[in-house]
Amino acid sequence: MTADRPRLPRLGFPRQYDFDIRWRDDRWCILDRTRQRFVALTPEEWVRQNLLEFLVRDRGCPRALTAVETFLEHHGKPFRADVVVHGRDTAALLLAECKEPGTRLDQAVLDQVDNYNQVVRAQYLLVTNGNAHSCWRLDPQLGSGRFIDALPPYGDM
């Protein structure tokens, strides 16, 4: 027996995307086109999948150069980076952290992505809960960053 299809909130991306959502293994799952497998449909995963489609479809990020839930280690502590987009030279361009809808994007979240970026070393950082988005560009020469209104297209990163 399957549960009723989950009611998924509309998120603050420029458009709605079509997803393959199925009842599998006693839970709702969503096809992650980047990882090419079904994953559990949690509120955070809903945000992550929408962000991935936005990056690929609206910002032109190559799916083949996009990593999802990449295992990393910082000061001996393991963590998973939600989304890392690489340049054609394989250097990290963008590090994104996804939170479930309703989660405040407070200083703790910004500190989290900043800590992750000590390992990733991306030029662009993004945090999102699906409705609120915060993005900034780092300047390696100055050792600081500035908030930007929108993430540029892949070719301009």
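Residues numbered from 1 in each chain as written. Predicted model: local features only at pLDDT ≥ 70, side-chain atom pairs only at ≥ 80, totals over all residues. Heavy atoms only, no water.

Engineer: Got a minute to help me understand helix α1 (residues 43–58) in this structure?
Structural biologist: Because each turn of an α-helix spans 3.6 residues, side chains separated by three or four positions end up pointing in the same direction. Given a rise of 1.5 Å per residue, 16 residues ought to cover 22 Å, and the 22 Å separating the end C-alpha atoms of α1 matches this to within 8%. Across the 16 residues of α1, twelve count as buried, placing the element largely inside the fold. When α1 is considered as a whole, its buried residues turn out to be E45, W46, V47, R48, Q49, N50, L51, L52, E53, F54, L55 and V56. Of the residues one or two after α1, G60 is the one with positive phi, at around 75°. (Helix = DSSP H or I, 4+ residues; strand = E, 2+ residues; numbered from the N terminus. Expected span 1.5 Å × (residues − 1). Buried < 20%, exposed > 50% of the residue type's maximum accessible area, 1.4 Å probe, protein only.)

Engineer: What's the story with the side chain of H74 in this structure? I'm lost.
Structural biologist: Along the chain, H74 turns up in strand β4 (residues 66–74). A polar side-chain atom of H74 sits 3.4 Å from a polar atom in the side chain of H75. (Polar contact = N/O pair within 3.5 Å; in protein donor to acceptor, adjacent residues only side chain to side chain.)

Engineer: For this particular structure, what's the right way to read the pattern of salt bridges?
Structural biologist: Side-chain pairs of opposite charge can arise whenever the charged atoms involved come near each other. Under the criterion given, the structure shown has 13 salt bridges. Salt-bridge contacts for E45 lead to R35; the nearest nitrogen and oxygen are separated by 3.1 Å. One end of the pair, E45, is in helix α1; the other, R35, is in the loop between β2 (27–32) and β3 (37–40), and ten residues separate them in sequence. Taken as a pair, E45 and R35 share a single burial class, namely buried. Of the charged contacts, one joins R35 and E69 as a salt bridge, the two residues approaching to 2.9 Å between their closest N and O atoms. On the criterion of sequence distance, the pair formed by R35 in the loop between β2 and β3 and E69 in strand β4 is long-range, its members being 34 residues apart. A network of salt bridges, in which partner residues are shared, links D32, R35, E44, E45, R48, E69 and D82. (Salt bridge = Lys/Arg side-chain N within 4 Å of Asp/Glu carboxyl O.)

Engineer: Can you walk me through the nonpolar core in this structure?
Structural biologist: As a rule of thumb, nonpolar side chains are buried together in soluble globular proteins. Among the nonpolar cores identified, the biggest contains 31 residues, and L51, L55 and L94 are the most heavily contacted of them. Those elements that place two or more of their residues in this core are β2, α1, β5 (77–86), β6 (92–98) and β7 (124–128). The dominant element in this core, judged by the number of residues it contributes, is α1, at six residues. Non-local contacts of L94, meaning those with residues more than four positions away in its chain, are made with L55, V83, V84, V85, A122, Y124, L125, L126, L151 and M157. Judged by nonpolar contacts, the second largest core, of 16 residues, contains L72, L110, L125 and V127. (Core = buried A, V, L, I, M, F, W, Y, C linked by side-chain atoms within 4.5 Å. Contact = heavy atoms within 4.5 Å.)

Engineer: Teacher, can you tell me more about the sheet that holds β5 here?
Structural biologist: In a beta sheet, neighbouring strands pair by backbone hydrogen bonds and run either parallel or antiparallel. Strand order in the open sheet made by the six strands is β4-β5-β6-β7-β8-β9, with mixed pairing throughout. Each end of this open sheet is capped by a strand with a single partner; those strands are β4 and β9 (144–148). Shown here is a sheet whose adjacent strand axes are inclined to one another by a mean of 30°, direction ignored. Here strand β8 (residues 133–139) runs beside β9; their pairing, made up of five bridges, is antiparallel. (Pairing = 2+ DSSP bridges. Axes fitted to C-alpha atoms, helices over the stretch in contact; angles between N-to-C directions.)

Engineer: Looking at this structure, how should I read the packing of aromatic side chains?
Structural biologist: For any two aromatic rings, the description comes down to two numbers: the centre-to-centre distance and the angle of the planes. If you walk through the whole model with that rule in mind, you get five aromatic pairs. Both rings, one in F19 and one in W46, keep their centres 5.3 Å apart while their planes meet at 65°; by these two values the pair is edge-to-face. With F19 in the segment before β1 (21–24) and W46 in helix α1, the pair connects residues that are 27 residues apart, well separated along the chain. Grouping residues by exposure puts F19 and W46 together as buried. Their ring planes at 10° and their centres at 3.9 Å tell us that F79 and Y116 sit as a pair that is stacked. With F79 in strand β5 and Y116 in helix α2 (residues 107–120), the pair connects residues that are 37 residues apart, well separated along the chain. There is no split in this pair, since F79 and Y116 are both buried. (Phe/Tyr/Trp six-rings, centres within 6.5 Å; stacked < 30°, edge-to-face > 60°.)

Keep in mind that these numbers describe shape and distance, not what the molecule does.
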